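# Breakdown of the fold
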Amino acid sequence: MKLFPKWLRLVAAVLLCCVFFPEIQSYSSAHYEHSHPCNRPCDDGALPMVCYYRFVVEWYYTMSKACYGCPINASDCSRPDCIANNGVEKAILVANRQLPGPKIEVCENDTIVVDVENHAGSETTAIHWHGIHHVDTPYMDGVPMITQCPILPHNTFRYEFAASPAGTHFWHSHAGLQRSDGLHGMLVVRQSPGIDPHFHLYDHDFSDHTMMVTDWLSELSFDRFVAHHHQNGTNKPQSILVNGKGRLQRFVDPAVNVSVYTPVEIFMVTRGFRYRFRMASNGIMNCPIQVSVDNHTLVVIASDGQPVEPLKLDSLVIYAGERFDFVLNANQAIDNYLIRLRGLLDCDERFSKAWQVAVLRYRGAPADITLDDSLSYFDMDRAGKQLNPLNSGTVGDKLSVTSLVSVLEDDEALRREPDFKYYLPYDFTKIDNKHFHDPQHYPVHAVQRNRQMFTPQINNISFLFPSAPLLSQPEATPSYLLCNHTNLRFDCSREYCECVYTLHIPLGSVVELVIIDKGFAFEANHPIHIHGMSFRVVAMERVGKNVTLEQVMQLEAQEKIKRNLKRAVVKDTVTVPDGGYTIIRFVASNPGYWILHCHIEFHIEVGMGLILAIGERKDMKPIPPHFPKCGNWPENVDSSSSSSSTKTGVNWALLVACSVLLPRPIFDTYGRLRLLSSLK
């Protein structure tokens, strides 16, 4: 017997929708972010809310007709739908005609509901909620062909999930190169004062003090991608943006014949108060960003949403996918102070010299500040103590993230010996990647050096996205497409290998990953992000200009790798020094298919990733009824096949035939091929 009759429950549901889902159109406008009912003080004991948002995804344009006379008339740059950007005209893909997109700000354990409407022409899309663990909703992680089908054009997909864990996160498209062209935004989950361990360290945590930083291309990312991989086009970003703003393109005001630029971001403070800033990097290329504030120090209190013991710094380096929270004490003279951003590696003085500034403005300071036209890349550096340095362990004033001390108590990942340990060495491989080099007509060794495509691979394997989501349609991916470095019996250093690279991990296991950047091909850096979890960073060191797997294993055997197993920092995205290693540990407590990948956009697009399949199917949460399906038609068509070459050196047609003709079972408990060794 039901407690309430059906009609009464229906009336209650309608009333709740009226309370929590008011006029939908208002949720699409930029000004609504501050007045959204869920952007509220998170009070101790308050009930969680259901927080509704509507994202309309469409192609748009910077410096469009909505901008009128921007930047000659600076006020025009703030008109509705004007995305001034850095002054360079460019096609962009955005939500609600905003760059960054709509900001989501909620309290811990609220329920977030987002309707994503795809109006992007022929493009599919999907949104990943970077930092959210989706403990009960793995099908909401937003990775096409892993956790869901992509959202088709003219379709709407509703994401609904718990706002957990708390911290500074962000959302972005996980389809193709879309986040590189603007489809990203902040996601902040605040805690009540009684729970926030650092509440006493700051006076204000304002919405206006979120910082989305990103390197930025002046052309459409797909044009850059195709030119870079099929010709000799550059992949170097020309600019950096702060909250979608910056200065690059020079304009001339004809009335006074002076240079004019698009506005930079301004952060307002009042002297005598301490402010919590929340910074996230949507970094897209190999361009870590050094950040500092003139005449001020930064007190870091959290990384990737997880609290750490306060650490005072002069600057920090943020890599793609990372987040840092810091407290800034507004204790200087009333004035305007520059926030300086300096691009590294592909953005450094050898290449594009990408840089940017924003302004920290004290109330009472002049509002008509004119930035020096002579500012350049070489003015962006700052000496002193630096967190997260490029390609380095802790040396002197350069402090790696292993220097951060977690506020959280030690967990099983630190108290127990690992049940499973995997070495994940990677590098750029000079090999005939069939997607970019035809081994018969233009093999990699036959073309000019500046046209050779070096493939970023983990264990010499490129990740192949399946034709249907592993989580919602596991039966659609044949077992013979699954592989990992332990069951391939082929020399992938000589032949291009590609498969649905999967590590199967029993639920509850303690796992250690030794991630190695061999560093032979280029001086580079690969920030590694794992979905669905956080991990402990127990070691990080640069061995030399380059390093091999065997050298790292020898260091292990000689007990020369020191692990920090006491309050090690908790993160979900971490850098690996070029020519070095980073070691992480986690408890495999969240069943599902979670992708581990490099967060440089071009690299995951060409397969620098793998799947952590945690638990068995019976451990995973059931998929909602009528969840969208997709895949090949006819179903037995193998989209991975190619007439020109095979994916991993296996004759897949023979393998399929064998899987039909040979007695079962030919796969082990976790679907790994027992057959491969007998086919060698």
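Refer to the structure above for everything that follows.
What this report covers is the structure whose coordinates are included nearby. (Residues numbered from 1 in each chain as written. Predicted model: local features only at pLDDT ≥ 70, side-chain atom pairs only at ≥ 80, totals over all residues. Heavy atoms only, no water.)

## Some words on the packing of aromatic side chains
This structure, assessed with the given rule, holds 19 aromatic pairs. Each ring, one from Trp129 and one from Phe161, has its centre 5.1 Å from the other, and the planes form 40 degrees; the classification is tilted. Within this pair, whereas Trp129 is found in strand 5 (residues 127-130), its partner Phe161 is found in strand 6 (residues 156-162), the two being separated by 32 residues in sequence. Each member of the pair, Trp129 as well as Phe161, carries the same accessibility label: buried. Measuring from ring centre to ring centre gives 5.9 Å for Phe157 and Phe627, while their planes differ by 80 degrees; the resulting arrangement is edge-to-face. (Phe/Tyr/Trp six-rings, centres within 6.5 Å; stacked < 30°, edge-to-face > 60°. Helix = DSSP H or I, 4+ residues; strand = E, 2+ residues; numbered from the N terminus. Buried < 20%, exposed > 50% of the residue type's maximum accessible area, 1.4 Å probe, protein only.)

## Section: the side chain of Ser472
Tracing the chain through its elements places Ser472 in the loop between strand 26 (462-463) and strand 27 (482-483). By relative accessible area, which is 14% here, Ser472 ends up buried. Ser472 has contacts with Thr147, Ile623 and Phe627, leaving out every residue within four places of it along the chain. (Contact = heavy atoms within 4.5 Å.)

## Describing the pairing of strand 13 (residues 266-269)
Residues Phe267 and Val269 line the buried face of strand 13, whereas the alternating positions Ile266 and Met268 sit on a face that is not buried. Bridging between strand 13 and strand 21 (residues 355-362) involves 4 bridges; their strand directions are parallel. Bridge pairing links Phe267 to Leu360 in strand 21. (Pairing = 2+ DSSP bridges.)

## Some remarks on the nonpolar core
Within the largest apolar cluster, 118 residues are counted, with the highest numbers of intra-cluster contacts made by Ile104, Trp129, Tyr159, Leu360 and Leu513. Of all hydrophobic cores here, the second largest spans 13 residues; its members include Val514, Val538, Leu549 and Ile583. (Core = buried A, V, L, I, M, F, W, Y, C linked by side-chain atoms within 4.5 Å.)

## Describing empty space enclosed by the protein
Enumeration over the complete set of coordinates arrives at 4 cavities of 30 Å³ or more. Taken as a whole, the largest cavity spans an internal volume of roughly 70 Å³. Along its surface, the largest cavity is lined by 13 residues, and Met285, Cys287, Pro288, Ala320 and Pro527 are the ones closest to its centre. Split into classes, the residues belonging to the lining of the largest cavity amount to 8 nonpolar, 4 polar and 1 charged. (1 Å grid on protein atoms, 1.4 Å probe; cavity = no way out; pocket = protein on both sides within 12 Å on 5 of 7 lines; lining within 4 Å. Points joined across faces, edges and corners; volume = space filled by probe spheres on them. Nonpolar A, V, L, I, M, F, W, Y, C, P; charged D, E, K, R; others polar.)

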